[in-house]
Every structure is written in structure tokens, then in C-alpha cells.
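Take a look at the letters that make up each chain.
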Amino acid sequence: MMRASGFLRAQIAHVSRRTFSLSEARVKPVGASRNALSEGFMSGSSSVYIEQMYENWRSDPSSVHKSWDAYFRNVEAGAGPGQAFQPPPSLVPATAAAGIVPSAAAGGAVATSGDFARTIQDHLKIQLLIRSYQTRGHNIADLDPLGINSADLDDTIPRELELDFYGFTEADLDREFVLPPTTFIGGDKKSLSLREIILRLKNIYCRHTGVEYMHLTNYEQQEWIRKNFEQPHVNALSPEQKKTLFKRLIRSTKFEEFLAKKWPSEKRFGLEGCEVLIPAIKQVIDRSSTLGVDSVVIGMPHRGRLNVLANVCRQPLETILSQFSTLEPADEGSGDVKYHLGVCIERLNRQSQRNLKIAVVANPSHLEAVDPVVQGKVRAEAFYSGDHSCDRHLAIMLHGDAAFSGQGVVMETFNLDDLPSYTVHGAIHIVCNNQIGFTTDPRSSRSSPYCTDVGRVVGCPIFHVNVDDPEAVMHVCGVAADWRKTFKKDVIIDLVSYRRYGHNELDEPMFTQPLMYQRIKSTKPVLDTYQTKIIGEGVADEAYIKGELNKYGKILEDAYDAAQKVTQVRNRDWLDSPWDDFFKGRDPHNFSSTGIKQEEVNEIIDKFSSVPDGFNLHRGLQRILKGRAQMLKDNDLDWACGEALAFGSLLKEGFHVRLSGQDVERGTFSHRHHVLHDQKIDQKVYNPLNDLSENQAEYTVCNSSLSEYAVLGFELGYSMVNPNSLVIWEAQFGDFSNTAQCIIDQFVSSGQSKWIRQSGLVMLLPHGYEGMGPEHSSARPERFLQMCNEDDNIDLTRVTLDDAFAAQQLHDTNWIVANCTTPANIAHLLRRQVYLPFRKPCIIMSPKSLLRHPQARSHVEEFLPGTSFQRVIPENGPAKENGSAVERIVFCTGKVYYDLVTARKQLGLEDKVAITRVEQISPFPYDLIQQEAKRYPNAQHFWAQEEHKNMGAWAFIQPRFLSLFSAEGKGITYAGRKPSASPATGNKYSHIQEQKSLLSEVFSVPKSSFFPQRLESKKDFKINRLLD
Ligand SMILES: Cc1ncc(C[n+]2csc(CCOP(=O)(O)OP(=O)(O)O)c2C)c(N)n1
Ligand SMILES: [Mg+2]
């Protein structure tokens, strides 16, 4: 609903005034009973326009047409909205001098001067006509280069674009009309004939560019766009610019042609039909570089990607061409197909004469998945270079029409646009809209008129443009770059094009789109038509054209010859985020201790348990903070303190820490409270971990939008920029991470292998069976473990009890999967992420009830120098004292440990059963498990888990135990829930029964040995309520 301001407010106020002050008889016929907003021409978007005119009139009555002047005077004098076309006071009888329009007083029609009323009406109609073109012109624009489809899938002509809608006829075409202030079509002229008005509007809004912008709610932005499209000659290119455009079209077209000629049976997802994409991107980049951008990050799908790498990034041609040969890889990594690879290239931009870094982010086949990654990368680059409003950093995202409208992650990513900790202050989107998705027609692939409609939600202007008019494309690209610079908001360029061949070059498109492809066959490439155009205009002659074609032809042939000499492909040439400095001089097998000095511990916990003077803290939080101080005194730190010590110590050492996810500031389970809110002063907050020391690094903790896919992708992108940081994404509950499965599978688990790109991203996934039902119990550790690249069949001679073995394992793994049971261990694990001489993603099954569990505490000594992350926490009780008397050693991971020790104590089995925690599940600590087992030579091996048998770590650990112990004739026995389809029961009773069965199996005692109340203390119940 539009806000009533200025003129509208005056109108509304006027109506109410009249209601009270005028007698029934005077008000009766029209006006007062009608709402001001019911005035026909003031509805919808016209009201913004009239508002503006009213503002202009208020500051200078002569700035508007005299009919409007009269109209506003009447209104201000008290005339009702129903009398909009009344003559001005000067033309009506003397009674008007009283300030009330006589017609209202008389309760009937005013005696008007017919001519004048007509002038006013005509003027209003002209304004509405202009406005209709501004609003709906794009609907009838000539956008399809094939001339078959309407880009908005609607062939009808809006009535308001037809002359007779306004009562105009042919006879009016040569009448002269004053132009309203809300159009720039006149240039210097104040009035134009109706014929000329329509001609100009059609040229601007209905030819090869369709401008969608009247959905913007900001008047200044609308006005800016009008100015940039309506002013006469605003889109004219100089002869030099035309030549540059032509040369770029040569590159784009001939590159594809060359590949097709040399490798006719190779897939390359060519750009034919949308060759203008290359000049378009270059235009956006040139203009942005001139406007101060020095780093551009591009995310794009398969279509035209090789062309972008060659002609936008200028990746050496022979490097690209050598990808077509079957060559041995020269370095690490399993590699990826050529149209998914990334690059990062820095060079001088010729147009701006400024240095520019361009990266294309490597991406999987999964369309649009790279969007949030690009945004995260840009955000991080801007953050580290102190460019807080992204003046120097730009995200460009390319899309296919089907994917842009079909994939939900597009919307999730748009929704990050204006969020303070996620914004990149406007990205430029370019849609290669070839009006087809593989074999699917737009009418089957979207329900919205345009494939770009998703952008309307966040107020993007959208420029649709027919690619057969490359000059129009250049214009919209320039405007898009200026828009982004001016308003720091996203903008979409929709390149309405076609796909000359099949989805890939080996595909037959005639099977499914026969008529379209017949038309395509008779459609000339844009290079040909543009060549004819510039020759016709005298911008270039045949000799020039030939010269340019030959020049590029030779470049391609030379590169081809050079590529023949290449004997190996180097994956390293395709890195989108190189960290050369980070790896220099580092020993990959050596990493320092993760301990924290006692003074640091004290300082961090002191801060973490206090607020500045005068800060009005909630009473409940005062208690919590006091409790933290007490924990330090009692030498008994909880989970929140463990996290704070990890983050705080890294921050003090200069490592940026970023924690993002839903409700992470407080913590889903209310344990964290990293952002404290003043109870009396709105918006006043205090973040203790950002107040540790003068020169600490910045701590960003940010509640995210309710998205997993986009936010995890964003954080992954963020983590790619600077290895000297700790970037964490936390799921609200671990199972929600599966809505980000694509990021997990395609980027996190396999990114290094495919693209030799490392990431130290941490995923915190709350996990644990607390009787809360199927959806809040399991973070699905089995899936993460199944994707580990480690061999379950280890060569025992390789298992050595030294740091080198563990370091090598970490070096080789694709990610780390852990489930910690103590605050100190999680702190060491998080710190190790930064201390490792390389980067690995770390997936942590994080706790819920352990956040407050009285036994899940750590002593200060466990954090101090000399201590480190314990991959395995061995049995430390009576059982350890006499290992040969131990009958059973139970291995487990995570929170079930505390259930096991409680039960063991109840049963009095502390000297008979050893319980060992596997804190790092993958890479599997073969060395430490072997060592631990040796202590209990007569014990049976058990694995206890709370997850169902087809879930949890069982399938991962079983073959590894066999690999370690089968030679000794030992296996491992499973104790836990039976296989199940659902991760957990929704019935509390069944949950307790299952827990009892698990314990009865572990200790070989009847289920009746355990009472419900022993398993679940009052405190646990309280926590469970909180979790619901
Ligand atoms: C998430 C996802 N689903 C399905 C596919 C399979 N696929 C590859 S290309 C394509 C069509 C894409 O159409 P469009 O976005 O219009 O791009 P175009 O190929 O036309 O340039 C499909 C469905 C994919 N790559 N990613
Ligand atoms: Mg398409």
C-alpha cells in the first residue's frame, strides 16, 4: 500500500475537513463522500507521479503546466477530489474568490469554460499515456531476435498503450502537447506533437529495450532511470565505441567458431545466439572499473563459459585450448570438466587504465548454486580491504533463463541483498535468456511472465534487451553499472537471445523445437548484421573488417599451435582464489600447539562475563554472566566458555572470526549470548568478544535469514578469501543442513579435489537424541562420514604413534568430522582449524543438552599451553588402572558418553568396563584406537551409539575396527538402536525404552536395571522444553 504523503495527505485531510465543516446539502452530490485516493488518475503508480508534480508546484507554481497549477490551487483552496477537472479560480465567477469552488457549494456541475476543461483533460491524458509507456512499454517491446515469442509470454497489447483508450484519434496526432515534468523525452523541448510523443516513447520503451522499473518504490530511482533511457540520444555510441563493440563481437563469435572447427565432437556449451554476452560483460566491467571497482567476481553457468574465460578474463588461450587434449594432470586434484573451472587474473583494464582483478568462481553443474558463493567471496574481499560499501568490489552473476526462474537458491540469494552482514551493495545480474532450458520451452518452465521476475521482489530494475541490437545492449550495460554505483542495489540485464545449436553441440534441437530451429537457421549471426550496419554508417569499411577478422584468426591459430606443445594440464592454472602467500614456507606436517595462556583465559572470560558500566542488562543474563565469572573461579568452564575462549583467543591473535546462521547471536539453545541487548535503549548492543583488546581482529556474529542453501554457500565463499580466519556456519538444528545439500556435496566435500581450492569452513550441526522427535535429533553424521575420502582398509604398517601420521591424515582428508564432548576439546578443535598449515572443512556434530550438562565441563588447565585437541579421549577412571581386568571396552562418540558413564556408575562396573570417546571420527584415529585397545588386552570391543544402526558412525567405524583388529581375531559389537527409516522416534516413551535397550546391550544387563528417572534428570527435561 502506498504511503499517503504530501499531496495525497493534503487531499485526505481535505476530505475529512469537509466531512466536518460542510452541511449535508452542500456536500451531497460529489466529492466529500469519496476518498481522495479514488480519484481515477491518482490510483496505483500514477500517484507517485502526481505527488512529485505537487512537490514541484509547491516550490514553484510555474514549473507545472497551468492546468495543474489551477488544479492544485483549487485543491488547496478546498475543492474536493471529485472536481479534478474544474477550471482555475481566475476563470470562474467571483464567488470563487472565497476559496471554495462554487460547484461544490452549489452541489452540481460548475459552469466551465469548455476549452479549458478539455485542455486539462488532454494534459492529464498525455501524462497517463506517457506513464503507461513507462510502466507497460516493455510488454510490447520487440525483444525476441527470432520474432517468435513475446519475452513476457503474453502477446496481447495492454489497452493503456492504445491511443483510443484515451479518446484520442488520428486527428489529434499533430496537436502539440506540453510535456509533464516526469518525462525526459522532450530534451530541450517543452512540448511535442502527439505523434512525436508516441514515436519517442515507442523508440525508448518498445523497440529493442524493455525497461521494467516502475515497480520501484523510490521516486529518485525511477527518475534516474527515466533520465538514463528517455533523454534524446542518450544511447548513442561514438564511432570508436562501435568499433570496440565490433571487435568484441569478432572475438566472441570467432572463438566459438574456432572451437567448433577444431573439436567438432567436443561439448563446449557455446554462446552462439547470444554472442553479445562477451561485449556485454566487458562493458559492465569497463564502466565499473572507470567508476572505481578494482575486483570483480563472476559466477556463471556452463553457457559461454570458455568464451568468458578467454575473452573477458583473458586466461591464456593455449591454457584453455590444451583442456581439449587428453593430457595428464601435472599436480594434485581430481580436476573438473573445462566448463566448470575457475580462474583469477589481474591485469590492466584498457578502457579505464586501472588495474583490475577478475575471478570466475569454479562451480558445479548444479545451476545457480554458485550465486551465494560469489556473494560471500565479494563480501569477504571487501571486508578485508576495508571497503565497507563495496565501492571497489563487484559481484557479477550470469544466469540461464530456465535456471534463473526455476532454482530456489536464486531467491534465497536475493534475500541476502540488504542484510547488513551479507550485503555486497548491489550485484549485476546478466541473464543469457536463450528462451529455452535444455529442451524445455519457457511456457513449461516458468509461471511468471519474465524469467527475471524474481528480481522484482527486491526492487531490481530489469532491462530486457534484444541481442540483435548490440548497441542497445551496450547502453543497458552502461546504465546497469552506473545504477549499481549510484544506488548500490542489484540490477538485472536480460539478454533476450536464442541458442543456435542444441543444448550442447552434440544435441539435436529439431527433435523438440522444430519451428524455432527453422527460424534460427535463417537468422544471421549478429556479427554479420552489425558488420553491415557499421559499414552502412561509414564507421568501418571492408578493409578494416577484414583486417580485424584476420588479426583475431591469427591469434587463435597461434594459440592452437602453442597448445599442441603443452604436455600436461596444470590444475593450478584454474584456481579462483589463490593463497600463494599462505602456503609459502609452511611445513604441511607441522602445526603449533593450540593452547591458550592463563592470562588470556582470564581476560577473555572476564570480558565474557561482564558488560560496560551503565549497560542495562536483562536480569536473566546478569545471572548467566555472573555464572560465567563463577565458573572461572571454580575452574569449571562450560561449553559457552569453551567457544568464547576459542574465538576470543583467535581474535586477540589477529584472526578474523565470523559466525553466521539462524539465531547464532544468542544461540538456538540460549547458551551463547554473544550480542547483549540493552533493556532500556533500543538498538544498543554489546558484543564482549569484540571488546577484548585494541588491536584484536573483528568478530562478526550475525543472525542470518532463514536459509541454509544460500547462507552456507555464502559462508563457503567467504572462507575462500582469507585462510587466516575462522568462518563458521551453524545450523539451527543439524538436520536442516540438508536443505543446503548441494553446497555440502558439490563444494564443501569435493571442492578441494575438483578445484584444488581449500576452505577451512566449520559447520556446527546440533546433533543428539534428546527425545525430541525425528526432526531435531540427527545431523546425519552418517552422510558426512560416507563422503570422507579415507580408505577404511588401512595398511597397519602405516599406523604410527606420532604426530606425522595424524598430520598426514589431516592433509589427505577432504574434511574433518568430529563430535566433541568437552568445552576444552571443542575450543582446541576450532583453534586447530586456524593453526593447521592447510585448510580443511570441519563438520562438527555439536551438542544441545551438553551445553548445560554438569559433567560436560572443562578445567582451565585443559586449555593452557601444551594442551591440544584430543582426537580420542581415553578411559581415565578405575578401569584404566588395571587394564587386563577390564572385560569390555566401549567406544563411542558424542553425548551418549555421558549416558554410558552414568549407567556404568549405577551398575558399579567402573573397573570392568572402559569407555573411550572418539572425538575426531574422520580422519579415523587408527593410531590412538590401536593404542587404547592395547591397554585392555582381554576386553571385548563394543561400539555404542544412540543413532539407529543404519545411521550414526557405525557403518564408518566397523570396517576400520576390522582393519585394525581382525588379524588379532577381534571384531567389534554394535550396541544401539535397530535400523530405522526415521532418524528418531516422536514418542517420548519409546525414546526412553530405546535408551534403556542401548544401555542394556552395552552392559549386558536387563532393561529393567534402568529407571526412566535415572536416565533423564529434571534438568534434562527443562532443557528439552527449551529446545521445543
Ligand atoms: C540444479 C540443476 N538441475 C538440472 C540441471 C541439468 N541441466 C543442465 S543445463 C539445463 C538447462 C538450463 O537452461 P538455462 O538455465 O536456460 O540455461 P541454457 O543452457 O539455456 O543456457 C539443465 C536442466 C543442472 N545442471 N542443474
Ligand atoms: Mg536457456
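For the structure itself, look to the data block above.
Reading the values: the criteria
- Residues numbered from 1 in each chain as written.
- Chains lettered and ligands numbered in written order.
- Predicted model: local features only at pLDDT ≥ 70, side-chain atom pairs only at ≥ 80, totals over all residues.
- Heavy atoms only, no water.
- Salt bridge = Lys/Arg side-chain N within 4 Å of Asp/Glu carboxyl O.
- Helix = DSSP H or I, 4+ residues; strand = E, 2+ residues; numbered from the N terminus.
- Buried < 20%, exposed > 50% of the residue type's maximum accessible area, 1.4 Å probe, protein only.
- Core = buried A, V, L, I, M, F, W, Y, C linked by side-chain atoms within 4.5 Å.
- Contact = heavy atoms within 4.5 Å.
- Axes fitted to C-alpha atoms, helices over the stretch in contact; angles between N-to-C directions.
- Parallel < 35°, antiparallel > 145°, perpendicular 65-115°, else oblique.
- Left-handed = near helix turned anticlockwise from the far one by under 90°.
- Nonpolar A, V, L, I, M, F, W, Y, C, P; charged D, E, K, R; others polar.
- Polar contact = N/O pair within 3.5 Å; in protein donor to acceptor, adjacent residues only side chain to side chain.
- Pairing = 2+ DSSP bridges.
- Near = heavy atom within 4 Å.
- Areas by Shrake-Rupley, 256 points an atom, 1.4 Å probe, with all protein chains shown as cover.

**Q** Report on the pattern of salt bridges, specifying residues and quantitative values.
**A** Here the structure, examined in full by the defined rule, presents 47 salt bridges. Where Arg 857 meets Asp 636, a salt bridge forms, and the shortest distance between an N and an O atom there is 3.2 Å. Residue Arg 857 is found in the loop between strand 20 (842–846) and strand 21 (872–873), and its partner Asp 636 is found in the loop between helix 23 (619–634) and helix 24 (639–652); the two are separated by 221 residues along the sequence. Judged by its relative accessible area of 24%, Asp 636 falls in the partly exposed class.

**Q** How would you summarise the nonpolar core if you had to cite specific residues and measurements?
**A** The nonpolar side chains of a soluble globular protein tend to be buried with one another. Counting 174 residues, the largest nonpolar core has Ile 298, Ile 430, Ile 493, Leu 495, Met 763 and Ile 957 as the members making the most contacts within it. If you tally residues by element for this core, the top one is helix 17 (residues 470–487), at nine residues. Among residues more than four places away in sequence, those in contact with Ile 430 are Leu 277, Ile 281, Val 284, Ile 396, Met 397, Leu 398, His 399, Ile 493 and Leu 495. Val 601, Ala 640, Ala 818 and Leu 851 belong to the second-largest nonpolar core, a separate cluster that totals 54 residues.

**Q** Give a description of the packing of helix 22 (residues 598–608) against helix 24 that names residues and reports values.
**A** Running from amino to carboxyl end, helix 22 crosses helix 24 at an angle of 115°, the nearest separation of the two axes being 9 Å. It follows from the interaxial angle that helix 22 and helix 24 lie roughly perpendicular. The chirality of how helix 22 crosses helix 24 is right-handed. Listed contacts from helix 24 to Glu 600, Val 601, Glu 603, Ile 604, Ile 605 and Phe 608 of helix 22 are Ala 640, Cys 641, Ala 644, Leu 645, Gly 648, Ser 649 and Lys 652. Looking at the contact of helix 22 with helix 24 residue by residue, the classes come out as eight nonpolar, two polar and three charged.

**Q** So what's going on with the side chain of Asn 466? Residues and values would help.
**A** With respect to the helices, strands and loops of the structure, Asn 466 is situated in strand 10 (residues 462–466). Within the structure, Asn 466 has its side chain in polar contact with the backbone oxygen of Leu 143 (distance 3.4 Å). Setting aside chain neighbours within four positions, we find Asn 466 in contact with Asp 142, Leu 143, Asp 144, Pro 145, His 208, Val 473 and Val 496.

**Q** Give a description of unusual backbone geometry that names residues and reports values.
**A** Across the junction of Ser 922 and Pro 923, the peptide omega takes the value -5°, indicating a cis bond. Note that Pro 923 resides in the loop between strand 24 (920–922) and helix 33 (926–934). Positive phi outside glycine occurs at Arg 780, with the angle close to 60°. Residue placement: Arg 780 occurs in the loop between strand 18 (762–766) and helix 28 (781–786). For Ser 1004, which is not glycine, the phi dihedral falls at a positive 50°. By the element assignment, Ser 1004 lies in the loop between helix 35 (988–1003) and helix 36 (1012–1015).

**Q** Please give an account of the packing of helix 9 (residues 239–262) against helix 17 that cites residues and values.
**A** Interhelical geometry of helix 9 versus helix 17 gives an angle of 105° and a closest axis separation of 11 Å. In terms of their interaxial angle, helix 9 and helix 17 are classed as roughly perpendicular. Contact residues: Lys 242, Leu 245 and Leu 249 in helix 9; Pro 470, Glu 471 and Met 474 in helix 17. Class assignment for the residues of the contact of helix 9 with helix 17 results in four nonpolar, no polar and two charged.

**Q** Hey, could you go over the sheet that holds strand 17 (residues 725–730) for me, with residue numbers and the actual values?
**A** Read across the sheet, seven strands follow the order 16-13-17-18-20-19-24 without closing on themselves; strand pairing throughout is mixed. Of all the strands in the sheet, the pair left with one neighbour each is strand 16 (699–703) and strand 24. This sheet shows a mean twist of 20° between the axes of neighbouring strands, independent of strand direction. Summarising the sheet, strand 19 (residues 816–818) and strand 20 pair through three bridges and their orientation is parallel. The partner of Val 817 across the bridge, within strand 20, is Ile 843.

**Q** Lay out the site of ligand 1 with the relevant residues and their values.
**A** In the vicinity of ligand 1, 15 residues are found, and the nearest of them are Arg 303, Ser 365, Asp 401, Ala 403 and Asn 434. Measuring from an oxygen atom of ligand 1, one finds a side-chain N or O atom of Asp 401 at 2.6 Å. Considering ligand 1 on its own, with 580 Å² of exposed area, one finds that the protein chains cover 75% of that surface. Ranked by the residues each element gives to the shell around ligand 1, the list is headed by helix 14 (residues 401–406), at three residues. Looking at side-chain class alone, the shell around ligand 1 contains five nonpolar, eight polar and two charged residues.

**Q** So what's going on with the environment of Glu 775? Which residues, and what values?
**A** Along the chain, the position of Glu 775 falls in the loop between strand 18 and helix 28. Relative accessible area serves as the criterion here: at 46%, Glu 775 is assigned to the partly exposed category.

**Q** Account for the sheet that holds strand 8 (residues 393–400), naming residues and giving values.
**A** Within the open sheet, the eight strands sit side by side as 3-10-11-9-8-4-7-6. Their pairing is mixed. This sheet does not close on itself; its edge strands, each paired only once, are strand 3 (209–212) and strand 6 (343–349). Each strand axis lies, on average, 20° off the axis of its neighbour in the sheet, ignoring direction. Pairing geometry for strand 6 and strand 7 (residues 354–360), over seven bridges, is antiparallel. Residue pairing in the sheet places Val 343 in a bridge with Val 360 of strand 7.

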